[in-house]
Amino acid sequence: MSADNPPSPDGVTPSGEAPPPGPPAPESGSPEPARGRPEPIRAVPVRRPGRWLAVGVLAVLAAMFVHLLVTNDRFQWTFMIDNMFRPPIVEGVRTTITMTLLAMVIGVALGVLVAVMRLSGNPVLAGVAWLYTWFFRAVPRVVLLVLFGNLGILWERLEFGLPFDRQLGALFGVTDFEARIWGFDARTAISGFVAGLLGLALSEAAYMAEIVRAGIGSVDPGQAEACAALGMSQGLTLRRVVLPQAMRVIVPPTGNETIAMLKDTSLLAFVPVTNELFFQLSAVGSRTFQVFPMLVAACLWYLALTSVLMVGQSFVERRFSRGFGTVAAKGTR
């Protein structure tokens, strides 16, 4: 049978030939033939020779480093352990922690103020805030610390009272006119600790101002508009609505800044601050001619202190990230 001679309804082609027999129809009640199940897919893992090569290289390097630590006598482990816990060193650890906490507290508070000034609609306040951040971000911290350590060169005494009192008195013909309430010796008051604290805190405030400004900018402006519609003042809106929501953006970089501040306290040796950790460790190394072991001791001390701060940072970040991102997803399981 061809396509040109289709069969008639009675099953006979126009040429009189019967169509070829088709497949036999299944009997009534007989089950249909079972279909073959597909074989399970055999997943072949992707071969990653580069990964194993990298693991091998890292393992060899780690073994070489451990061998260096164990076999090289220049580390002087016994001498290092005997000297890195002496009272002057422990006092240096306390000074480092105290300086870090004070500098961060002052820096964060001043940074929030500078950030609010930067976001102000007053062009004078915004301009002053921009100049502040520009200067203290542009000058290296070690230069600032040396500069603040020599502020006593500018003034012998610092006195508080009416500005330009002597100039005003000379203008009106009074030569001995003074309107000063009280004062103190500048070289005595601006000690190494105070100079180092000022340098670190003022520098940190410039960085914190940018961090806080970015955090405030991450909050939807509709929040402040809703607060204004409710009659809340700008200060109340900032404290109760904007800053709490901005904390999830502010906290992670603030934790990094705290860790960086702890490490930057080693720059206080240039002021100098003689009871600081790195200064004391360097003094022991110079006095005993064992400089390298005490430098390794400094690394170990800073590793321990920063590790504690990192653990605290992770808990604080988790606390202020509740309700956002993956933390919220984990809480709903």
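Everything below is about the structure shown above.
Definitions and limits used
Residues numbered from 1 in each chain as written. Predicted model: local features only at pLDDT ≥ 70, side-chain atom pairs only at ≥ 80, totals over all residues. Heavy atoms only, no water. Helix = DSSP H or I, 4+ residues; strand = E, 2+ residues; numbered from the N terminus. Contact = heavy atoms within 4.5 Å. Polar contact = N/O pair within 3.5 Å; in protein donor to acceptor, adjacent residues only side chain to side chain. Buried < 20%, exposed > 50% of the residue type's maximum accessible area, 1.4 Å probe, protein only. Phe/Tyr/Trp six-rings, centres within 6.5 Å; stacked < 30°, edge-to-face > 60°. Axes fitted to C-alpha atoms, helices over the stretch in contact; angles between N-to-C directions. Parallel < 35°, antiparallel > 145°, perpendicular 65-115°, else oblique. Left-handed = near helix turned anticlockwise from the far one by under 90°. Patch = residues over 30% accessible without salt bridge, like charges linked within 9 Å, V, L, I, M, F, W, Y side chains within 5 Å. Areas by Shrake-Rupley, 256 points an atom, 1.4 Å probe, with all protein chains shown as cover. Salt bridge = Lys/Arg side-chain N within 4 Å of Asp/Glu carboxyl O. Expected span 1.5 Å × (residues − 1).

## Brief notes about the environment of Asp 185
And then number 1: Positionally, Asp 185 belongs in strand E2 (residues 180–185).
And then number 2: Residues Asp 185 and Glu 159, spaced 26 residues apart in sequence, show a C-alpha to C-alpha distance of 8.8 Å.
And then number 3: What Asp 185 contacts, discounting residues up to four positions off in sequence, is Glu 156 and Arg 157.
And then number 4: A distance of 2.8 Å separates polar atoms of two side chains, one belonging to Asp 185 and the other to Thr 188.

## Here's the deal with the environment of Ala 186
And then number 1: For Ala 186, the position within the fold is in helix H7 (residues 186–189).
And then number 2: Take Ala 186: its relative accessible area is 0%, and that puts it in the buried class.
And then number 3: The sequence separation of Ala 186 and Glu 159 amounts to 27 residues, and the corresponding C-alpha distance is 9.2 Å.

## Remarks on the packing of aromatic side chains
And then number 1: The tally for this structure, following the rule as stated, stands at nine aromatic pairs.
And then number 2: Ring plane angle 40° and centroid distance 4.7 Å describe the contact between Tyr 132 and Phe 136, whose orientation is recorded as tilted. One end of the pair, Tyr 132, and the other, Phe 136, are both in helix H4 (residues 123–138), four residues apart, so they sit about a helical turn from each other. For the pair Tyr 132 and Phe 136, a shared accessibility class is recorded, and that class is buried.
And then number 3: Taken together through their ring pairs, the aromatic side chains of Phe 75, Trp 77 and Phe 292 make up a single cluster.

## Section: the side chain of Thr 306
And then number 1: Turning to its location among the elements, Thr 306 is positioned in helix H12 (residues 291–320).
And then number 2: Beyond its immediate chain neighbours, meaning those up to four positions away, Thr 306 contacts Ile 259, Leu 262 and Lys 263.

## A look at unusual backbone geometry
And then number 1: Val 271 connects to Pro 272 through a cis peptide bond whose omega is 5°.
And then number 2: Along the polypeptide, Pro 272 turns up in the loop between helix H10 (234–264) and helix H11 (277–288).
And then number 3: Positive phi values are uncommon outside glycine, yet Gln 76 reaches one of about 50°.
And then number 4: For Gln 76, the location among the structural elements is in the loop between helix H1 (49–71) and helix H2 (77–83).

## With respect to the packing of helix H9 (residues 221–229) against H10
Think of two packed helices as two axes; the pair is described by the angle between the axes and how far apart they sit.
And then number 1: Orientation of H9 relative to H10, taken along the N-to-C sense of each, is 160°, at an axis distance of 10 Å. Between H9 and H10, the angle is such that the two are roughly antiparallel. As H9 packs across H10, the resulting crossing turns out to be right-handed. Along its contact with H9, which presents Gln 223, Ala 224 and Cys 227, the element H10 presents Thr 237, Val 241 and Gln 245.

## Points about a nonpolar patch on the surface
And then number 1: Taken together, Leu 162, Phe 164, Leu 168, Leu 171, Phe 172, Val 174 and Phe 177 make up a surface patch of nonpolar side chains, about 730 Å² in accessible area.
And then number 2: Its location among the elements puts Phe 177 in the loop between helix H6 (165–171) and E2.

## Remarks on H12
And then number 1: Given a rise of 1.5 Å per residue, 30 residues ought to cover 44 Å, and the 43 Å separating the end C-alpha atoms of H12 matches this to within 8%.
And then number 2: Those residues of H12 not exposed but buried are Pro 293, Met 294, Val 296, Ala 297, Ala 298, Trp 301, Tyr 302, Leu 305, Thr 306 and Gln 313.

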